[in-house]
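# A look at the structure
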Amino acid sequence: MEAMTTLASQYLAATKPRIVALLVFTALIGMFLAAPNLPPWRALVFGTLGIWMASSSAAALNQLIDQRIDRVMARTAHRPLVTGTLTSRQVLVFALALGVAAMLVLALLVNWPTALLTFIGLIGYAVIYTAFLKRATPQNIVIGGLAGAIPPLLGWAAVTGMQSRVDWAYGLLLVLIVFAWTPPHFWSLAIFRREDYRRACIPMLPVVYGVEYTRWHVLAYTIILVLASLLPYLTGMSGLLYLGGAAVLGIAYLYYAVRLLRPPDERFAMSAFGYSIIYLIALFAFLLADHWLAAPVIRAGGYVFQRIG
């Protein structure tokens, strides 16, 4: 029994459960925002299950492809494929089984648009980013970040089936926020772990262009993120409760980004990385709180949508 529990924990570790939990959280918020009240139970239960399985499959394939890299990086040296507690064959079969099961659940029990978008996200992360972009360009996390930003759209699709232009507009708006969040989030980690990436021959931005250059990019993308975070209010998706929360969170993130230009110590990059996770969780929590507790100030398309027609 103990051996089975240990094996199960290794399979769980192969799915990067903490990262997947964050992805599924943003997908869940997308579901709740897409519904006037509570999402339909089938979309909520089977949509969450399918998105979780697909994200876990992509994470396992990522570890399978990145075995060589993981062996020389301190933060990934404990992963099951590196320690030998799981074999490549085991992880491959596990990842493919999860992926197929996810597509079946989403296509048969939710809807086809969700299944198709989830498949695109899975291929984008596990194949295009992991196998190609990660090793090809210092902008790997910017381009490849689109796959990791798609879960809110998946949650929205699970509820609505993406039947209208408003569904696409609001779903993609959530994707834009996560997409803008990904570079400053990941580059903060890359600054601290740059020697790991150098040993692994991965052309992360601080390895290729240096730490100073990366710090300025963190600031630039943080500004883009803060501006993008205002769009739910400007488009009528959310109201003043969200706007206030987004403003406070954004000011705090800008503090970290500016402070990172002249950090007090080497570990400050990890403090910025840690705050970035709190920021995303809290920002999406404010979206949900505003959706349930406060009516948006501007309805029927919002200020921006009214101005553009």
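On a predicted model such as this, the values are computed, not experimentally measured, just so you know.

## Observations concerning the overall build of the protein
Check the secondary structure of the protein and you find 17 helices and zero strands. Relative to a compact globule of 309 residues, whose C-alpha radius of gyration would be 19 Å, the protein shows 20 Å and is just as compact. For the C-alpha atoms alone, the extent of the protein along its principal axes is close to 55 × 50 × 35 Å. For the protein, with 309 residues in total, the buried portion stands at 53%.

## Concerning the confidence of the model for the protein
The predicted coordinates ought not to be read in detail in places where the model reports low pLDDT. When pLDDT is averaged along the protein, the result is 91, and 94% of the positions lie at 70 or above. Taken as a whole, residues 296-309 scores under 50 in pLDDT and shows 26 contacts with residues more than four places along the chain or in a different chain.

## Remarks on the environment of proline 80
Mapping proline 80 onto the fold places it in helix α5 (residues 80-83). Sequence-wise, proline 80 and leucine 234 are 154 residues apart; in three dimensions their C-alpha atoms are separated by 46 Å.

## A short note on helix α2 (residues 17-34)
Its 18 residues give α2 an end-to-end C-alpha distance of 25 Å, which sits within 8% of 26 Å, the value for a rise of 1.5 Å per residue. Residues of α2 that are buried include every one of Val20, Leu22, Val24, Thr26, Ala27, Ile29, Gly30, Met31, Phe32, Leu33 and Ala34, and no others. Residues of α2 that are buried make contact with α3 (41-65), α9 (151-160), α10 (165-192) and α16 (268-293).

## Some points on a nonpolar patch on the surface
A cluster of nonpolar side chains, contributed by Leu38, Leu241, Trp292 and Leu293, occupies part of the molecular surface with about 460 Å² of accessible area. The residue leucine 293 is located in helix α16 in this model.

## Here we look at the packing of α3 against helix α6 (residues 88-109)
Think of two packed helices as two axes; the pair is described by the angle between the axes and how far apart they sit. Two elements in contact, α3 and α6, have axes separated by 8 Å at closest approach and are oriented at 155 degrees. When the interaxial angle is binned, α3 and α6 end up roughly antiparallel. Judged by the sense of rotation from one axis to the other, the crossing of α3 with α6 is left-handed. When grouped by side-chain class, the residues that make up the contact of α3 with α6 number 19 nonpolar, six polar and one charged.

## Examining unusual backbone geometry
A positive phi angle, close to 50 degrees, is found at lysine 16, a residue other than glycine. Structurally, the position occupied by lysine 16 is in the loop between α1 (2-13) and α2. With a phi angle near 55 degrees, methionine 162 is a residue other than glycine that sits in the positive phi range. Its location among the elements puts methionine 162 in the loop between α9 and α10. The buried category is assigned to methionine 162, whose relative accessible area is 8%.

## Focus: the packing of aromatic side chains
The tally for this structure, following the rule as stated, stands at 14 aromatic pairs. Ring centres 4.9 Å apart and planes at 15 degrees place the aromatic pair tyrosine 256 and tyrosine 275 in the stacked group. Of the two residues, tyrosine 256 sits in helix α15 (residues 240-259) while tyrosine 275 sits in helix α16, which places them 19 residues apart along the sequence. By the ring-pair criterion, three or more aromatic residues cluster together here, those being Tyr253, Tyr255, Tyr256, Phe268, Tyr275 and Tyr279.

## Some thoughts on the packing of α10 against α16
Relative to each other, α10 and α16 sit at 165 degrees, their axes nearing to 7 Å. Judged by the angle between their axes, α10 and α16 are roughly antiparallel. As for how α10 packs across α16, the hand of that crossing is left-handed. Contacts between α10 and α16 involve Leu174, Ile177, Val178, Trp181, His185, Ser188, Leu189, Ile191 and Phe192 on the former and, on the latter, Ala269, Met270, Ala272, Phe273, Ser276, Ile277, Tyr279, Leu280, Leu283, Phe284 and Leu287. Across the contact of α10 with α16, the residue classes tally to 17 nonpolar, three polar and no charged.

## Thoughts on helix α8 (residues 140-148)
For α8, the complete set of buried residues consists of Asn140, Ile141, Val142, Gly144, Gly145 and Ala147. Buried residues belonging to α8 abut α7 (112-136), α9, α10 and α13 (211-229).

## A short note on the pattern of salt bridges
Overall, the coordinates contain eight salt bridges when judged by the stated rule. For arginine 135, the salt bridge goes to aspartate 66, with nearest N and O atoms at 2.8 Å. Placement of arginine 135 in helix α7 and of aspartate 66 in the loop between α3 and α4 (67-72) is noted, with a sequence separation of 69 residues between them. Classification of aspartate 66 as buried rests on a relative accessible area of 0%.

## Some details on the environment of threonine 15
Here threonine 15 is to be found in the loop between α1 and α2. By relative accessible area, threonine 15 is classed as buried at 3%. Considered as a pair, threonine 15 and methionine 53 are 38 residues apart in the sequence and their alpha carbons are 9.1 Å apart. A distance of 2.6 Å separates a polar side-chain atom of threonine 15 from the backbone oxygen of leucine 12.

Cut-offs applied
Residues numbered from 1 in each chain as written. Predicted model: local features only at pLDDT ≥ 70, side-chain atom pairs only at ≥ 80, totals over all residues. Heavy atoms only, no water. Helix = DSSP H or I, 4+ residues; strand = E, 2+ residues; numbered from the N terminus. Rg over C-alpha atoms; globule rule 2.2 N^0.38 Å. Buried < 20%, exposed > 50% of the residue type's maximum accessible area, 1.4 Å probe, protein only. pLDDT = per-residue confidence, 0-100. Contact = heavy atoms within 4.5 Å. Expected span 1.5 Å × (residues − 1). Patch = residues over 30% accessible without salt bridge, like charges linked within 9 Å, V, L, I, M, F, W, Y side chains within 5 Å. Areas by Shrake-Rupley, 256 points an atom, 1.4 Å probe, with all protein chains shown as cover. Salt bridge = Lys/Arg side-chain N within 4 Å of Asp/Glu carboxyl O. Axes fitted to C-alpha atoms, helices over the stretch in contact; angles between N-to-C directions. Parallel < 35°, antiparallel > 145°, perpendicular 65-115°, else oblique. Left-handed = near helix turned anticlockwise from the far one by under 90°. Nonpolar A, V, L, I, M, F, W, Y, C, P; charged D, E, K, R; others polar. Phe/Tyr/Trp six-rings, centres within 6.5 Å; stacked < 30°, edge-to-face > 60°. Polar contact = N/O pair within 3.5 Å; in protein donor to acceptor, adjacent residues only side chain to side chain.

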